[in-house]
Amino acid sequence: QEVNENSLKRLSAYLENLQKPGFKSLKPTQLMFYVRETDQNSSDGQEHFSTSGFRAVKFTLHTRDLLSTVLYILNSCSLSIEHIQSLNTNVHSQPLKEATRISDRPIKWDKSYYSFTGFKDPDEDLEQVWRMETTLTSWLDNNGKSAVKKLKNSLPLRKELDRLKDELSHQLQLSDIRWQRSWGIAHRCSQLHSLGRLAQQNLESLKNAKGCTIIFTDRSGMSAVGHVMLGTMDVHHHWTKLFERLPSYFDLQRRLMLLEDQISYLLGGIQVVYIEELQPVLTLEEYYSLLDVFYNRLLKSRIPFHPRSLRGLQMILNRQVSKTITFIHSVRWAVDRYAPSLHELGHFNIPILCDPANLQWFILTKAQQARENMKRKEE
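What you see is a predicted model, and the numbers here were worked out from it, not measured in a lab.

Colleague: For this particular structure, what's the right way to read the overall build of the protein chain?
Modeller: Across its full length, the protein chain carries 13 helices and 10 strands. Counting across all 379 residues of the protein chain, residues that qualify as buried make up 37%. Excluding contacts between residues fewer than 6 apart, the proportion of contacts in the protein chain whose partners are at least 24 apart in sequence is 65%. Surface exposure of the protein chain reaches about 24,000 Å², of which carbon and sulfur atoms provide 52%.

Colleague: How should the packing of aromatic side chains be read in this particular structure?
Modeller: Any aromatic ring pair is given by two values, namely how distant the centres are and how the planes are angled relative to each other. A full pass over the atoms with the stated rule returns six aromatic pairs. Taking 6.2 Å as the distance between ring centres and 20 degrees as the angle between the ring planes, the aromatic pair formed by F33 and F59 counts as stacked. Taken together, the residues F33 in strand β1 (residues 29–36) and F59 in strand β2 (residues 54–61) connect sequence positions 26 residues apart. Assigned by exposure class, F33 and F59 land together as buried. Here the aromatic residues F33, F59 and Y72 are joined through ring pairs into a cluster of three or more. Directly above the aromatic system of Y288 lies the positively charged group of R255, at a separation of 5.2 Å from the ring centroid.

Colleague: Help me understand the side chain of T240 in this model?
Modeller: For T240, the position within the fold is in helix α10 (residues 236–266). Apart from residues lying up to four places away in sequence, T240 is in contact with L198, N202 and S205.

Colleague: How should I be thinking about unusual backbone geometry in this particular structure?
Modeller: Peptide bonds are mostly trans, and most non-glycine residues show a negative phi. Positive phi is not limited to glycine here, since R302 has a value of about 50 degrees. Mapped onto the elements, R302 comes out in the loop between α11 (284–301) and β8 (314–318). Although it is not a glycine, R308 adopts a positive phi angle of roughly 60 degrees. The class for R308 is exposed, based on a relative accessible area of 62%.

Colleague: How should I be thinking about the sheet that holds strand β5 (residues 221–222) in this particular structure?
Modeller: Each strand in a sheet pairs with another by means of backbone hydrogen bonds, the pair being arranged parallel or else antiparallel. In space, the four strands of this open sheet follow the order β3-β4-β6-β5, with mixed pairing throughout. One side of each edge strand has no neighbouring strand; the edge strands of this open sheet are β3 (176–179) and β5. Of the pairings in the sheet, the one linking β3 to strand β4 (residues 213–217) comprises four bridges and is parallel in character. Bridging across to β4, W179 finds its partner in F216.

Colleague: Sorry, what's going on with the packing of α10 against α11 here?
Modeller: The angle between the axes and the distance between the axes are what describe a pair of packed helices. One can describe the packing of α10 onto α11 by two numbers: an axis separation of 10 Å at closest approach and a directional angle of 30 degrees. Considering the angle they form, α10 stands roughly parallel to α11. When the axes of α10 and α11 are compared, the crossing they make is left-handed. Packed against α10, whose contacting residues are Y249, L252, Q253, R255, L256, L259, E260, Q262, I263 and L266, the element α11 presents L284, E285, Y287, Y288, L291, D292, F294, Y295, L298 and L299 at the interface. Taken together, the residues of the contact of α10 with α11 sort by class into 14 nonpolar, two polar and four charged.

Colleague: What is the right way to read the packing of helix α8 (residues 185–201) against α10 from this model?
Modeller: Here α8 crosses α10 at 65 degrees, and the two axes come no closer than 11 Å. Read as a crossing pair, α8 and α10 show a hand that is right-handed. Between α8 and α10, the residues in contact are Q191, S194, L195, R197, L198 and Q201 and H236, W239, T240 and F243, respectively. Residues belonging to the contact of α8 with α10 are distributed by class as follows: four nonpolar, five polar and one charged.

Colleague: So what exactly am I meant to see when it comes to the confidence of the model for the protein chain here?
Modeller: Detailed reading of predicted coordinates is not advised where the pLDDT is low. Here the protein chain shows a mean pLDDT of 81. Residues at 70 or above account for 80%. Across residues 41–51 the pLDDT falls below 50, and counting only partners more than four positions away or on other chains, this stretch makes 15 contacts in the model. The low-confidence segment residues 321–335 (pLDDT under 50) makes six contacts with residues lying over four places distant or belonging to another chain.

The rules behind these values
Residues numbered from 1 in each chain as written. Predicted model: local features only at pLDDT ≥ 70, side-chain atom pairs only at ≥ 80, totals over all residues. Heavy atoms only, no water. Helix = DSSP H or I, 4+ residues; strand = E, 2+ residues; numbered from the N terminus. Buried < 20%, exposed > 50% of the residue type's maximum accessible area, 1.4 Å probe, protein only. Contact = heavy atoms within 4.5 Å. Areas by Shrake-Rupley, 256 points an atom, 1.4 Å probe, with all protein chains shown as cover. Phe/Tyr/Trp six-rings, centres within 6.5 Å; stacked < 30°, edge-to-face > 60°. Lys NZ or Arg CZ within 6 Å of the ring centre and 35° of its normal. Pairing = 2+ DSSP bridges. Axes fitted to C-alpha atoms, helices over the stretch in contact; angles between N-to-C directions. Parallel < 35°, antiparallel > 145°, perpendicular 65-115°, else oblique. Left-handed = near helix turned anticlockwise from the far one by under 90°. Nonpolar A, V, L, I, M, F, W, Y, C, P; charged D, E, K, R; others polar. pLDDT = per-residue confidence, 0-100.

Structural data, given as structure tokens:
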């Protein structure tokens, strides 16, 4: 229906141009229709038939008068032309013969023809229209059955995934099991089976993860927010070493929280937060190093903030990678990279290499706006 409607629009425009006085030569226009099959026209054996009861008819309009164009179209679609011949007894058989001959073997110009003459390629034009005409509704109609079939086929695996996840969470007393990437259901089940086998072999080490969230990702370690990251490419030996080192990670996590409190004290009570959705994935060691660099810069600059004057506000630290600057506009861009900013959700984005004086001025002038943004986020 979509293809037919689009082809009818183009056909109507072609016929209108034919009837305009003094019209110039028209560019060849390629059309395609889906025609319902009947017993009468299904025996000619000239077209390929689909199982849906329709056949595709594709032809190129290049005739220069209205009558021959109509005859050409009807003949190409295997439709009757007797009513037209009865209306005009002077109709010659030449257009019909021409239409019959062309429909059997349409002219196919080489791509160089359109490049040299500047004419539009009908194939590319038609494909472009189809891409533009695609809507969400039509896409869902075309893919709905396939989606339902895939969903039904995946239900047993989904149930197996939920069972494995619940069993491991209960056995290891985990807070949650998550995945950082969109792996398939079978892949996720395989990862849980690997974790289950490790729990059978070395249960005591895995008990160190009690109360934690385990995330399957690309590398092993502990994330900045305290989640246990299991690299899917690592072997069980690496996972075992990670679980054995968790007590030292917990110690580093406590030191990190203390460092956040010290930064908060120097900045008037602003809370230092790490937002997973808005910041790059960092390990606990990387995030601690980031905070340590920023804290030492604050100590050297000794920015004066009234104690607890900025309580209730939040900030996140951004790690910037330095690059070689060669042009003036690039230098300006580099300066902007190290400038603090206020996020629409209300928290401050603070690069670790920002100028301390600019940081103080920016925070003080934007504090009220930050509170309004946070209030709007809560609402």
